[in-house]
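# Structure assessment
Listed below are the residues making up each chain.
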Amino acid sequence: MASINRIEGNENGEEGIKVAIRMRPLNTKETKAARVWRVLQKYNSITQTTNEGKPLPERVTGRTFFTFDKTFGEKSTTREVYNDIAQGIVESVVNGLNGTIFAYGQTSSGKTHTMQGCGTIEDGQGTGGGVVHMAARDIFSLINNDPDRVFLLRVSFIEIYNEEVRDLLVSGNDKVLKIREDSTRGVFVDATENIVTDFQSLLSTLFAGEKHRAFASTGMNERSSRSHTIFRITVESRRRKQNDANSDDDASIPSDDEDDDEDEGDGAVRVSTLNLVDLAGSESVRHTGATGDRLKEGAKINQSLLSLSRVIAALGSPSRTHINFRDSKLTRILQPSLSGNARMAIICCATPSEMYLEETRSTLQFASRAKLVKTRATINEVLDERSMIKKLQRELAAAKRAAEGEVDMTQLKELESEAARAENIAKKVQEKNEKLKASILKGGMFHGTMLSKNRKRLSSKRTPAKVSTPEFLSPSMREMDRKRRRQSDGILRQCNTLYSPLLDVTNRSDALATLTPTIDRKNDNT
């Protein structure tokens, strides 16, 4: 299998992380405190003020004055935040790009309210929902409005509690997960994945997972999140074939073995993920009054958020020094997104209260560093060798039709080069298969390999005809020879099975070769 990544965005495919600030109203504990931060929504800026609400005598960018992609005042709604910050990323995910959206801020700053619409995901549904509800609703709406593709959606729900990764869709002792990495999938967690077919089934998965999440009461928040959560939606899609037109089952990707008409795509499957991250808030013991388990949880939360801040700072640095994603489980899991192959948005939540002046400043400074980070999202398409050759055939056919009028010869040469490489790969595979068959016939596979070496050693003392007979072998070698003969027949049958689809690939390569004279004539004419 092979992945084809197509860059989206500006000329070099880079775009910055979209950063927004949402200032919440004062809560009941803050009503007696003054407002010392003001949102200048017209200018997408935040400025510090005096206790009386007047501008400071001196404005210091990065300390008392900040500018972002978008700012939302105390009267803003979650729908406004979603439409301006998250909606475009959700649409990109349906089209094959990876996306990550997370809320950041101190504890009790409004992160969970922004992501869930209320204290819980289930309660949030009745108030119009948070970013999670709106994203899920838009995904299914976009799928329903795209009749040309077949979609499959899978969801997983994990939390990071005290630097331990837990599967929220599993109960019991089997819920602790390990972070793994391989060359194909990169960094991943083997969490439970549920296939969802509509908005309600997705919400049901969220409700079930949230019941296992860690919450507790602190001096700042009656229902404080004690863990980071990552709700991941994986979207797979491919072009719809004609024989899918009457099918009611859109929750599966049909086999690539089905015959394709020329207008039905190249068999490529797009795979993208949307990470919706609700971070636990940073905590100050002097405000929360935490002790015992709450104190330990707060320390782990602060440690992981510090690691995230360091990674963000390193990614935004012009020198791009070593970036240690392994400092925390949070940055390790988010490494694929933070490394660049995703569109990202950060919604930083804060309070204008004088009680938390420095905590809000710290949040704003984190947001300023995040603005410097660039990502380079690509459309992820998975193709097997057969689909790759078919894709090249179609591109060459399009170039041939365009040859009757004006044509870009550079594009033609690139296509010709790609076709030649594909043909060489097919030939190498065929040669390897021929060698495999010859080796089996000569007894050069499995036990036959050792038998062949012993025959060569014995041939220096006896005639080749006598050496090849079983009576000149030891009892153990005779048994090995019998096993080899039994396995040889089975392997030959498997080899023939492998060889049949290879002939199909070779035939496709021959079709590519028929276009070469046309391209050569066009080159001569130019």
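Residues numbered from 1 in each chain as written. Predicted model: local features only at pLDDT ≥ 70, side-chain atom pairs only at ≥ 80, totals over all residues. Heavy atoms only, no water.

Moving on to the overall build of the protein chain. The helix and strand tally for the protein chain stands at 16 helices and 21 strands. The buried share of the protein chain, taken over its 526 residues, is 48%. Look at the contacts in the protein chain between residues 6 or more apart in sequence, and 74% of them connect residues 24 or more apart. Approximately 26800 Å² of the protein chain is accessible, and the part contributed by carbon and sulfur atoms is 48%. (Helix = DSSP H or I, 4+ residues; strand = E, 2+ residues; numbered from the N terminus. Buried < 20%, exposed > 50% of the residue type's maximum accessible area, 1.4 Å probe, protein only. Contact = heavy atoms within 4.5 Å. Areas by Shrake-Rupley, 256 points an atom, 1.4 Å probe, with all protein chains shown as cover.)

Time to look at the packing of helix α4 (residues 131-144) against helix α5 (residues 199-210). The interhelical angle for the contact between α4 and α5, taken along N-to-C directions, is 150 degrees, at an axis separation of 9 Å. On the basis of their axis angle, the class for α4 and α5 is roughly antiparallel. Here the hand of the crossing between α4 and α5 comes out right-handed. Of the residues in α5, those touching α4 at V132, H133, A136, R137 and F140 are F199, L202, L203 and L206. Counted by class, the contact of α4 with α5 contains seven nonpolar, one polar and one charged residues. (Axes fitted to C-alpha atoms, helices over the stretch in contact; angles between N-to-C directions. Parallel < 35°, antiparallel > 145°, perpendicular 65-115°, else oblique. Left-handed = near helix turned anticlockwise from the far one by under 90°. Nonpolar A, V, L, I, M, F, W, Y, C, P; charged D, E, K, R; others polar.)

On to the nonpolar core, then. Counting residues in hydrophobic clusters, the biggest one holds 46 residues, and the most contacted among them are L308 and L338. Looking at this core, the element that brings in the most residues is helix α7 (residues 292-316), giving seven residues. Setting aside its immediate chain neighbours within four residues, L308 contacts F102, Y104, L279, L330, T331, L338 and F366. Judged by nonpolar contacts, the second largest core, of 41 residues, contains I85, A136, L202 and L206. (Core = buried A, V, L, I, M, F, W, Y, C linked by side-chain atoms within 4.5 Å.)

What follows covers the pairing of strand β19 (residues 343-350). Burial within β19 is extensive, with eight of its eight residues counted as buried. Across six bridges, strand β3 (residues 18-23) lies against β19 in parallel orientation. By the bridge assignment for β19, K18 is matched with A345. (Pairing = 2+ DSSP bridges.)

Our next topic: α5. The end-to-end C-alpha distance of α5 is 17 Å, a good match for the 16 Å that 12 residues give at a rise of 1.5 Å each. Along α5, the residues classified as buried are F199, L202, L203, T205, L206, F207, G209 and E210. (Expected span 1.5 Å × (residues − 1).)

The strand order across the open sheet built from three strands is β4-β5-β6, with neighbouring strands paired in antiparallel fashion. Each of the sheet's edge strands pairs with one partner strand only, and the pair in question is β4 (37-40) and β6 (65-67). Each strand axis lies, on average, 15 degrees off the axis of its neighbour in the sheet, ignoring direction. Bridge count for strand β5 (residues 45-48) against β6 is three bridges, and the pairing is antiparallel. The partner of T47 across the bridge, within β6, is F65.

As a further point, take the side chain of E30. The residue E30 is located in the loop between β3 and β4 in this model. Using a relative accessible area of 1% as the deciding quantity, one classes E30 as buried. At 2.8 Å, the side chain of E30 forms a polar contact with the side chain of R24. Separated by 3.3 Å, the side chains of E30 and T351 make a polar contact. In contact with E30, not counting residues within four places along its chain, are R24, P25, T351, S353, M355 and Y356. (Polar contact = N/O pair within 3.5 Å; in protein donor to acceptor, adjacent residues only side chain to side chain.)

Moving on to unusual backbone geometry. For residues that are not glycine, phi is negative in most cases, and the peptide bond is trans in most cases. Unlike most non-glycine residues, S108 shows phi in positive territory, near 65 degrees. Among the secondary structure elements, S108 is positioned in the loop between β8 (99-104) and α2 (111-116). The phi torsion at E163 lies on the positive side, around 60 degrees, for a residue other than glycine. Its location among the elements puts E163 in the loop between β9 (149-161) and β10 (164-167).

We now examine the pattern of salt bridges. When their charged atoms lie close together, side chains carrying opposite charge are able to pair. Under the definition given, this model contains 14 salt bridges. Linking E74 and R35 is a salt bridge whose minimum nitrogen-to-oxygen distance equals 2.9 Å. Here R35 lies in the loop between β3 and β4 and E74 lies in the loop between β7 (70-72) and α1 (78-94), a separation of 39 residues in the sequence. Accessibility expressed as a relative area gives 26% for E74, which makes it partly exposed. In this structure, the salt-bridge partner of E358 is R361, at a minimum N-O distance of 3.1 Å. Of this pair, E358 and R361 both sit in helix α10 (residues 357-370), three residues apart, which is roughly one turn of that helix. (Salt bridge = Lys/Arg side-chain N within 4 Å of Asp/Glu carboxyl O.)

End to end, α10 covers 20 Å across 14 residues, agreeing with the expected 20 Å (1.5 Å per residue, within 8%). Restricting attention to buried positions, one finds in α10 the residues L357, E359, T360, R361, T363, L364, F366, A367 and A370.

Moving on: the packing of α7 against α10. Two numbers describe how α7 lies on α10: the axes approach to 8 Å, and their chain directions differ by 35 degrees. At the point where α7 passes α10, the crossing takes the left-handed sense. Facing α7, whose interface residues are L308, S309, I312 and A313, α10 presents F366, R369 and A370.

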